[in-house]
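# Working through the structure, step by step
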Amino acid sequence: WGAVTLPTSVAPDGPKGNERAEMNLSLQLKSSTAGGGKQADVFSSDMHRDVSACLTPLGVDHENGVLAGPYLLDIVAQDMVTHSKRIVFEINSPHQYFEGTQQLTADKRLRHRMIGRLGHKLHMVNAAEWKKLSTAAKMTYMLKLQQTQQDENAKDERQKAAANTSRSPLPVLPLTS
């Protein structure tokens, strides 16, 4: 009852070797240690691992491979200003584009749409932009993405607070006979 079984893949691993096998092993580790309070990261690609490695020295608390419906969200970061909010980064790696184009594959676009319908707002990290950046520029890029969403979340919270104060109850009128 406590076991998780992943179906064996029909297609062989890609030209880079055993990426799929590593991901399956990471997912099994994550599911087997979930009850023990430990975390295991599940990376969808080398670029995903690179983005996560940029967030760690910035002090951004995040988790890789968070379950959301039938999908694993790439990176879910803690909003450091509004602690009740989370920031979801979606990594669009080079292998998720049609060959020679900047158009995402159909299954990746479907994934984005379905995760959006689950109520998550995705912040895209695209391969074309990512490859051009130096290591320092990558850290700055991720910090700007994080900061922009934190500012947006703080603004939303201020608007909610203002709306709640404007809905304060009416004063009680004294009863007169």
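So, here's what we can say about the structure. (Residues numbered from 1 in each chain as written. Predicted model: local features only at pLDDT ≥ 70, side-chain atom pairs only at ≥ 80, totals over all residues. Heavy atoms only, no water.)

### A few points about the sheet that holds strand β1 (residues 62-68)
Read across the open sheet, the four strands follow the order β1-β2-β3-β4; overall the sheet is mixed. Whereas interior strands pair on both sides, the edge strands pair on one side only; in this sheet they are β1 and β4 (122-126). Adjacent strand axes in the sheet meet at a mean angle of 40°, parallel and antiparallel pairs treated alike. The pairing of β1 with strand β2 (residues 71-78) spans six bridges and is classified as antiparallel. Its bridge partner lying in β2, valine 66 is registered against leucine 73. Packing of helix α3 (residues 106-117) onto the sheet brings it into contact with β2, β3 (86-92) and β4, and relative to β2 it is tilted by some 60°. (Pairing = 2+ DSSP bridges. Helix = DSSP H or I, 4+ residues; strand = E, 2+ residues; numbered from the N terminus. Axes fitted to C-alpha atoms, helices over the stretch in contact; angles between N-to-C directions. Contact = heavy atoms within 4.5 Å.)

### Observations concerning the pairing of β3
Of all seven residues that make up β3, six are buried, and the element is covered over most of its length. In terms of strand pairing, β2 meets β3 through four bridges, oriented antiparallel. Each residue of the ladder has a partner; that of isoleucine 75, found in β3, is phenylalanine 89. Here five bridges tie β3 to β4, and the two strands are oriented parallel to one another. Counted as the bridge partner of valine 88 is leucine 122 from β4. (Buried < 20%, exposed > 50% of the residue type's maximum accessible area, 1.4 Å probe, protein only.)

### Considering the packing of helix α2 (residues 46-55) against helix α5 (residues 135-166)
The description of two helices packed together rests on the angle between their axes and the distance between the axes. Interaxial distance between α2 and α5 falls to 9 Å at its minimum, and their mutual angle equals 75°. With respect to each other, α2 and α5 are oriented roughly perpendicular. Of α5, the residues touching α2 (which contributes Asp50, Val51, Cys54 and Leu55) are Lys138, Met139 and Met142. (Parallel < 35°, antiparallel > 145°, perpendicular 65-115°, else oblique.)

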